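# Descriptive analysis of the structure
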Amino acid sequence: MIELLLLGVGVGTLSGFFGIGGGTILVPLLLFLGYQIKDAIGISVVQMVFSSIYGSYLNNKNKNLDVAMVVTIGIGGFCGAFLSGFIVSYVNDKVLELIFLAFASFALFRLFAKTIINQTQKKVHRVILFFIGLVLGTLSMLIGVGGSILLVPILVGFLHVDLKRAISAGLFFVVFSSVAGLISHSLSREIDFYSGVVIGLASFVGVYIGVHLKDKVDALVQKRLLVFFYLLIVLYLAQRIFFRGN
């Protein structure tokens, strides 16, 4: 119980600060604690519902959330995430870990790429936004992450959305993907709801801390911390996949 509560507070803080659902850090931590990948994914999906809804509420309250832009992406994410639970039952554990590593590596690459500050935000057709959400929702819920691990770099790197607004948008996207993912995974296999709910409730405290820290930290410092965060995840997963047992 103590481990789950501490995980919840820590994951919630990172979720609110970096605009992620929490699965990006929770799944590797659960793997480290001995959980199997599919069990970790199920717990992560439950937790993300809690952290994403509360974090998005706080971001909207602080007037730092572009609801109109994210709703279209979110609807696509909901549709894609709904398919994920049925797909994951047929995918090998090692393949899931490799997909997770690929996600984190791409996000890290996009964040390393230099972006020009104060660029004009690009206007993108709603159909394209929907398909971005569809793809992200399907792939991300396969591995128990909300999708913001890729959405934030896409919004910043390709659409030139301000980093803080992109982080808020990423967390709001997770609301759509995590709710659909929870329904899908629940219908297709057994989920450890107890652990997920305990971590999710504890994450409320962390999300509150993370969202308020986000608004007080300089955007450049926040980006550097985000890069470091993804780098740790990539190194851990690479070690787990390629060097475990060697």
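Report on the accompanying structure. Here the structure is a predicted model, which means the values were calculated and not measured. (Residues numbered from 1 in each chain as written. Predicted model: local features only at pLDDT ≥ 70, side-chain atom pairs only at ≥ 80, totals over all residues. Heavy atoms only, no water.)

If you tally the helices and strands in the protein chain, you get 10 helices and zero strands. Going from the N terminus to the C terminus, the protein chain shows its helices and strands as α-α-α-α-α-α-α-α-α-α. Here the C-alpha atoms of the protein chain give a radius of gyration of 16 Å, agreeing with the 18 Å that 2.2 N^0.38 yields for 246 residues. Along the first, second and third principal axes, the C-alpha set of the protein chain runs to 45 × 35 × 35 Å. Within the protein chain, buried positions represent 55% of all 246 residues. Put simply, 86% of the contacts in the protein chain that link residues at least 6 apart link residues at least 24 apart. For the protein chain, the exposed surface amounts to about 10900 Å²; the carbon and sulfur share of it is 71%. Separation of charge centres in the protein chain, based on 18 positive and 10 negative side chains, amounts to 12 Å. (Helix = DSSP H or I, 4+ residues; strand = E, 2+ residues; numbered from the N terminus. Rg over C-alpha atoms; globule rule 2.2 N^0.38 Å. Buried < 20%, exposed > 50% of the residue type's maximum accessible area, 1.4 Å probe, protein only. Contact = heavy atoms within 4.5 Å. Areas by Shrake-Rupley, 256 points an atom, 1.4 Å probe, with all protein chains shown as cover. Lys, Arg positive; Asp, Glu negative; His and termini not counted. Charge placed at Lys NZ, Arg CZ, Asp CG, Glu CD.)

Moving on: helix H1 (residues 2–18). For H1, spanning 17 residues, the distance from its first C-alpha to its last is 24 Å, which sits close to the expected 24 Å at 1.5 Å a residue. Where H1 is buried, its residues contact helix H2 (23–32), helix H3 (37–61), helix H8 (163–188), helix H9 (193–214) and helix H10 (219–243). (Expected span 1.5 Å × (residues − 1).)

The description of an aromatic ring pair uses the distance of the two centres, along with the angle that the planes make with each other. What the rule picks out here adds up to five aromatic pairs. Centre to centre, the rings of Phe130 and Phe131 are 5.7 Å apart; their planes meet at 85°, and the pair counts as edge-to-face. Ring geometry for Phe172 versus Phe176: centroids 5.3 Å apart, planes at 80°, classification edge-to-face. With Phe172 and Phe176 both in helix H8 and four residues apart, this pair spans about one turn of that helix. Considered together, Phe172 and Phe176 belong to a single accessibility category, that of buried residues. What links up through ring pairs into an aromatic cluster is the set Phe50, Tyr54, Tyr57 and Phe204. (Phe/Tyr/Trp six-rings, centres within 6.5 Å; stacked < 30°, edge-to-face > 60°.)

It is worth spelling out the nonpolar core at this point. Among the nonpolar cores identified, the biggest contains 69 residues, and Leu26, Leu96, Ile149, Leu155, Phe229, Tyr230 and Ile233 are the most heavily contacted of them. Among the elements that take part in this core, H8 stands out by supplying 11 residues, more than any other. Excluding residues within four positions of it along the chain, Ile233 makes contact with Thr24, Pro28, Phe100 and Ala104. (Core = buried A, V, L, I, M, F, W, Y, C linked by side-chain atoms within 4.5 Å.)

Let us look at the environment of Ser84. For Ser84, the location among the structural elements is in helix H4 (residues 67–88). Residue classification places Ser84 among the buried positions, given a relative accessible area of 0%. C-alpha of Ser84 to C-alpha of Lys123: the two residues are 39 residues apart in sequence and 29 Å apart in space.

Together, Val9, Val205, Tyr208, Ile209 and Leu213 line one region of the surface with nonpolar side chains, adding up to about 400 Å² of accessible area. Considering every element that reaches the nonpolar patch, the biggest residue donor is H9, with four residues. By the element assignment, Tyr208 lies in helix H9. Relative accessible area serves as the criterion here: at 43%, Tyr208 is assigned to the partly exposed category. (Patch = residues over 30% accessible without salt bridge, like charges linked within 9 Å, V, L, I, M, F, W, Y side chains within 5 Å. Salt bridge = Lys/Arg side-chain N within 4 Å of Asp/Glu carboxyl O.)

This part is about the side chain of Ser195. Following the sequence through the fold, Ser195 ends up in helix H9. Among the residues examined, Ser195 registers a relative accessible area of 4% and is labelled buried. Not counting the four nearest positions on each side in its chain, Ser195 is found in contact with Leu4, Tyr35 and Ile43.

Here we come to H2. Here H2 lies mainly inside the structure; eight of its 10 residues are buried. A positive phi of about 105° marks Gly34, the residue just after H2.

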